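So the chains spell out like this:
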Amino acid sequence: MVSVTIWHNPRCSKSRTALKLLEDAGLEITTRRYLEAAPSLAEIRAAKAALGLTAIEMMRPGEALFSELGLSKSDDEATLLAAMAAHPRLIERPIVFRGTRAVIGRPPEAVLTLL
């Protein structure tokens, strides 16, 4: 059976839809409510590597907190990664992991590319 982990926010419609797609596919799913069980800096770095994205590409720059913290899309990777570790609300959601690969579920159907 295929096993995946989802960094999930149940208040987010995209995250709920992605989770439902994974459930409907009959996958073994580990759900991590990342706002309650925040990922460490090392886990965020590993997620970045698995996604193959830059730090800003895995963030929510439109989130009010982004500008409240004085962050900029041009900030260096270390600054942005540290901001996500300190404030997991800045992490784009959902992120689904399978083995060494990951994908952001935007649109939610993108998670099916891991199957």
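Here the structure is shown first, and the text comes after it.
Residues numbered from 1 in each chain as written. Predicted model: local features only at pLDDT ≥ 70, side-chain atom pairs only at ≥ 80, totals over all residues. Heavy atoms only, no water.

Draft legend 1. Seen up close, the packing of aromatic side chains. Following the criterion strictly, the structure yields 1 aromatic pair and no others. When the ring of Trp7 is compared with that of Phe97, the centres are 5.0 Å apart and the planes differ by 55 degrees; the resulting orientation is tilted. With Trp7 in strand β1 (residues 3-8) and Phe97 in strand β3 (residues 95-98), this pair connects stretches of sequence that are 90 residues apart. Taken individually, Trp7 and Phe97 each receive the classification buried, so the pair is uniform in this respect. (Phe/Tyr/Trp six-rings, centres within 6.5 Å; stacked < 30°, edge-to-face > 60°. Helix = DSSP H or I, 4+ residues; strand = E, 2+ residues; numbered from the N terminus. Buried < 20%, exposed > 50% of the residue type's maximum accessible area, 1.4 Å probe, protein only.)

Draft legend 2. Here's a closer look at the sheet that holds β1. Here we have 4 strands laid out as an open sheet, ordered β2-β1-β3-β4, and mixed in their pairing. Looking along the sheet, the strands with just one partner apiece sit at the ends: β2 (28-33) and β4 (101-104). The average angle at which neighbouring strand axes cross in this sheet is 20 degrees, direction not considered. Sheet contacts for helix α1 (residues 13-24): β1, β2 and β3; angle to β1, the most-contacted strand, approximately 165 degrees. In the packing of helix α2 (residues 41-51) onto the sheet, contacts are made with β1, β2, β3 and β4, and the angle to β4 comes to roughly 90 degrees. (Pairing = 2+ DSSP bridges. Axes fitted to C-alpha atoms, helices over the stretch in contact; angles between N-to-C directions. Contact = heavy atoms within 4.5 Å.)

Draft legend 3. Spatial organisation of the nonpolar core. Residues Trp7, Met58, Met59, Met84, Leu90 and Ile95 are the most contacted members of the largest nonpolar core, which totals 22 residues. Where this core is concerned, the elements lending two or more residues are α2, α3 (64-68), α4 (77-86), β3 and β4. Per-element tally for this core: the top contributor is α4, with 4 residues. Residues contacting Trp7, with those up to four places away along its chain left out, are Ser15, Arg32, Tyr34, Pro39, Glu43, Ile44, Ala47, Ile91, Pro94, Ile95 and Phe97. Ranked by size, the runner-up nonpolar core spans 11 residues in total, among them Val4, Ala110, Val111 and Leu114. (Core = buried A, V, L, I, M, F, W, Y, C linked by side-chain atoms within 4.5 Å.)

Draft legend 4. Region of interest: the pairing of β3. Pairing analysis gives 3 bridges linking β1 to β3, with the strands arranged antiparallel. What sits directly across from Ile6, in β3, is Val96. Pairing of β3 with β4, which is carried by 4 bridges, proceeds in the antiparallel orientation. The partner of Ile95 across the bridge, within β4, is Ile104.

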